[in-house]
Amino acid sequence: MKRLGVELIVGSVQESIEKGRVKEETGPDASRNALQTVTLLDTLKEHQIDAALGGGRRDEEKARAKERFFSHRDVFGQWDPKNQRPELWDLYNGRKNMGESFRVFPISNWTEMDIWQYIAQEKIEITEIYFSHERRVFNRRGVWLADTEFVNRLPEEEIVTKVVRFRTIGDATCTGAVLSSASNMDEII
């Protein structure tokens, strides 16, 4: 952040839990994903932020394919997909009322391959966490999940060691790995 000369503002889900703003989920399908909304809204309000930059791709989740670059949110932080503003010819409507905000997704129409090709073309330095590693994982309903303290494994879910990589880095409770030996960008591409 220092090298780029930008400020990074971080909201903490753990702090939201400790303050009693959200309740941590339990059980095998527990996820912090739902808890992130309260943390995000609190952080936007505290710092009076009009727009939060996000990195969601259209191929990560079906609902994201409906998102616009400027995803308008009402004063309650709610997104109404039926009431989205048109973005014809890449014209964006950034008008908002007091208390409203935007989630800005500049790569929302990109795929994972678009991202890798851009990183290679621009020679962007990235962390090794995106490449394949040997990891302890288990399979839940066809998805390889990492064996971590954050994921509540069921008794019948056997831990095995596999070479995997993560197509996105996110909440360990719901981010699945893919079997892959790709250890660099060229191998992924």
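Here we summarise the structure given alongside this text. (Residues numbered from 1 in each chain as written. Predicted model: local features only at pLDDT ≥ 70, side-chain atom pairs only at ≥ 80, totals over all residues. Heavy atoms only, no water.)

Structural notes on helix α2 (residues 35-46)
Because each turn of an α-helix spans 3.6 residues, side chains separated by three or four positions in sequence point in the same direction.
Thinking step 1. When the terminal C-alpha atoms of α2 are compared, their 17 Å separation across 12 residues agrees well with the 16 Å that a helix rising 1.5 Å per residue should span.
Thinking step 2. Of the positions making up α2, those classed as buried are L35, T39, T43 and L44. Projected down its long axis, α2 carries its buried residues within an arc of 160 degrees, all on one side.
Thinking step 3. In this fold, the buried residues of α2 make contact with α1 (13-18), β1 (51-53) and β3 (101-104).
Thinking step 4. At the exit of α2 stands Q48, carrying a positive phi of roughly 50 degrees. (Helix = DSSP H or I, 4+ residues; strand = E, 2+ residues; numbered from the N terminus. Expected span 1.5 Å × (residues − 1). Buried < 20%, exposed > 50% of the residue type's maximum accessible area, 1.4 Å probe, protein only. Arc of directions from axis to C-beta. Contact = heavy atoms within 4.5 Å.)

Examining the nonpolar core
One broad trend across soluble globular proteins is that nonpolar side chains are buried collectively.
Thinking step 1. By size, the foremost hydrophobic cluster in this structure holds seven residues: I115, W116, I119, F131, A182, M185 and I188.
Thinking step 2. Mapped by element, the contributors of at least two residues to this core are α3 (112-122) and α4 (185-188).
Thinking step 3. No other element matches α3, which puts three residues into this core.
Thinking step 4. The residues touching F131, leaving out its near neighbours within four places in the chain, are W116, I126, V164, R165, A182, S183, N184, M185 and I188.
Thinking step 5. Counting residues in hydrophobic clusters, the runner-up holds six residues, among them A146, V164, F166 and A177. (Core = buried A, V, L, I, M, F, W, Y, C linked by side-chain atoms within 4.5 Å.)

Some details on the packing of aromatic side chains
Thinking step 1. Taken as a whole and assessed by the stated rule, the structure comprises four aromatic pairs.
Thinking step 2. Ring centres 5.3 Å apart and planes at 65 degrees place the aromatic pair F70 and F102 in the edge-to-face group. Linking F70 in strand β2 (residues 70-73) with F102 in strand β3, this pair joins segments that are 32 residues apart in sequence.
Thinking step 3. Owing to a relative accessible area of 26%, F70 belongs among the partly exposed residues under this scheme. (Phe/Tyr/Trp six-rings, centres within 6.5 Å; stacked < 30°, edge-to-face > 60°.)

Considering the pattern of salt bridges
Thinking step 1. Taken as a whole, this structure holds six salt bridges when the rule is applied.
Thinking step 2. For K96, the salt bridge goes to D50, with nearest N and O atoms at 3.3 Å. Of this pair, K96 sits in the loop between β2 and β3 while D50 sits in the loop between α2 and β1, and the two are 46 residues apart along the sequence.
Thinking step 3. Judged by relative accessible area, which is 44%, D50 ranks as partly exposed.
Thinking step 4. The partner of R140 in a salt bridge is E157, and the shortest N-O contact between them spans 2.7 Å. Taken together, the residues R140 in strand β4 (residues 133-140) and E157 in the loop between β5 (143-146) and β6 (160-166) connect sequence positions 17 residues apart. The exposure classification of R140 matches that of E157, with both residues buried.
Thinking step 5. Counted as one network, the salt bridges with shared partners bring together E112, R165 and R167. (Salt bridge = Lys/Arg side-chain N within 4 Å of Asp/Glu carboxyl O.)

Note that every value here comes from positions in space, so none of it alone points to a role or purpose.
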